[in-house]
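Architecture at a glance
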Amino acid sequence: MKESEIQRAILDWLKAQGYLAWRNYVGPILRGKGIASPNPMAGMPDICGLFADGTFFAIEVKKPGGKVS
């Protein structure tokens, strides 16, 4: 299973529970044909959101065997 599939399942579940959540895109930023720059958001968690009481949460998603960078 891809990390993107895991992220989608988590976001779908959070939405079903009524929580506000979003996915952070932290991959390279494409600047032109074949040119990419590092994303200044690198190191941010994959998913962030708010519980109903306003508490902030962050989730880092890794597939089985994935490594934290």
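Residues numbered from 1 in each chain as written. Predicted model: local features only at pLDDT ≥ 70, side-chain atom pairs only at ≥ 80, totals over all residues. Heavy atoms only, no water.

Overview of a nonpolar patch on the surface
Among the surface-exposed residues, Leu20, Trp22, Leu50 and Phe56 lie close enough to one another that they form a single nonpolar patch of about 390 Å² accessible area. In this fold, Trp22 is placed in strand β1 (residues 20-23). (Patch = residues over 30% accessible without salt bridge, like charges linked within 9 Å, V, L, I, M, F, W, Y side chains within 5 Å. Areas by Shrake-Rupley, 256 points an atom, 1.4 Å probe, with all protein chains shown as cover. Salt bridge = Lys/Arg side-chain N within 4 Å of Asp/Glu carboxyl O. Helix = DSSP H or I, 4+ residues; strand = E, 2+ residues; numbered from the N terminus.)

Focus: the pattern of salt bridges
Throughout the structure, instances matching the rule amount to two salt bridges. With a closest N to O distance of 3.0 Å, Asp12 and Arg8 form a salt bridge. Of this pair, Asp12 and Arg8 both sit in helix α1 (residues 3-16), four residues apart, roughly one helical turn. By relative accessible area, which is 47% here, Arg8 ends up partly exposed. Note that Lys62 and Glu60 form a salt bridge whose closest N and O atoms lie 3.3 Å from each other. (Buried < 20%, exposed > 50% of the residue type's maximum accessible area, 1.4 Å probe, protein only.)

Topic: α1
Taking 1.5 Å per residue as the helical rise, α1 with its 14 residues ought to reach 20 Å, and the 20 Å between its terminal C-alpha atoms agrees with that figure. If you check which residues of α1 are buried, you get Ile6, Gln7, Leu11 and Leu14. Each buried residue of α1 lies within a common arc of 135° when the element is viewed along its axis, so the set occupies one face. Check the buried side of α1 and you find it contacts β1, β4 (47-50) and β5 (56-59). Following α1 by one or two positions, Gly18 has its phi on the positive side, about 90°. (Expected span 1.5 Å × (residues − 1). Arc of directions from axis to C-beta. Contact = heavy atoms within 4.5 Å.)

A short note on the packing of aromatic side chains
Within the structure shown, the criterion is met by two aromatic pairs. For the ring pair Tyr19 and Phe51, a centre distance of 5.1 Å and an interplane angle of 85° mean the geometry is edge-to-face. You can see Tyr19 sitting in the loop between α1 and β1 and its partner Phe51 sitting in the loop between β4 and β5, a full 32 residues away along the chain. The partly exposed category is assigned to Tyr19, whose relative accessible area is 27%. (Phe/Tyr/Trp six-rings, centres within 6.5 Å; stacked < 30°, edge-to-face > 60°.)

Distances and angles like these do not, on their own, reveal function.
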